[in-house]
Amino acid sequence: KVRNKLLRHRLLQEEERLKESALRTARAEILQPAEESYLVAENDLEKTYKFSQNEIKAQADQNTVAKMLDLKFPDFGSYRLDYTRNGRYMALGSSKGHLGVMDSLRNDLKFEINLNETIRDVKFLHNV
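So, here's what we can say about the structure.

## Structural notes on the packing of aromatic side chains
All chains considered together, the criterion is met by 2 aromatic pairs. Here the aromatic residues Phe73, Phe76 and Tyr79 are joined through ring pairs into a cluster of three or more. Sitting over the ring of Tyr89, Arg88 keeps its end group 5.9 Å from the ring centre.

Rendered as structure tokens:
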């Protein structure tokens, strides 16, 4: 037992910080994927870029299929997109000026505007 009150107090604070740090690390590990997944061609002649979305959907697990969405905007040209670091939000920008931000976990549109300017790229500057 430590007799000095100040030292004892600081040691208790440090112990609390270590417990909190361990708890945060455990919470963060839950977010990490259990295993990586990727497309594998069956032979050298088959190319993965030729797989259709329907073929991928047929082979994917139920959780992945539930997260799939199909966005069709034929009037706004080609799109660029970017995700936040944690994957929560997705920014979409079209070559004809359509700009939107979407909650990718809930498939909920957060923001949308037509700028009538050419958008060449979109990027989140800070983690939202």
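## Examining the side chain of His98
Inspection of the secondary structure assignment puts His98 in strand β3 (residues 98-103). Judged by relative accessible area, His98 falls into the buried class, the value being 6%. For His98, the side chain forms a polar contact with the side chain of Tyr79, separated by 2.6 Å. In contact with His98, other than residues within four places in its own chain, are Phe76, Tyr79, Leu92, Gly93, Glu112, Ile113, Asn114 and Ile119.

## Some details on a nonpolar patch on the surface
Judged by side-chain polarity, Phe111, Ile113 and Leu115 come together as a nonpolar surface patch covering roughly 240 Å² of accessible area. Here Ile113 is to be found in strand β4 (residues 108-114). Accessibility expressed as a relative area gives 35% for Ile113, which makes it partly exposed.

Reading guide: rules and limits
- Residues numbered from 1 in each chain as written.
- Predicted model: local features only at pLDDT ≥ 70, side-chain atom pairs only at ≥ 80, totals over all residues.
- Heavy atoms only, no water.
- Phe/Tyr/Trp six-rings, centres within 6.5 Å; stacked < 30°, edge-to-face > 60°.
- Lys NZ or Arg CZ within 6 Å of the ring centre and 35° of its normal.
- Helix = DSSP H or I, 4+ residues; strand = E, 2+ residues; numbered from the N terminus.
- Buried < 20%, exposed > 50% of the residue type's maximum accessible area, 1.4 Å probe, protein only.
- Polar contact = N/O pair within 3.5 Å; in protein donor to acceptor, adjacent residues only side chain to side chain.
- Contact = heavy atoms within 4.5 Å.
- Patch = residues over 30% accessible without salt bridge, like charges linked within 9 Å, V, L, I, M, F, W, Y side chains within 5 Å.
- Areas by Shrake-Rupley, 256 points an atom, 1.4 Å probe, with all protein chains shown as cover.
- Salt bridge = Lys/Arg side-chain N within 4 Å of Asp/Glu carboxyl O.

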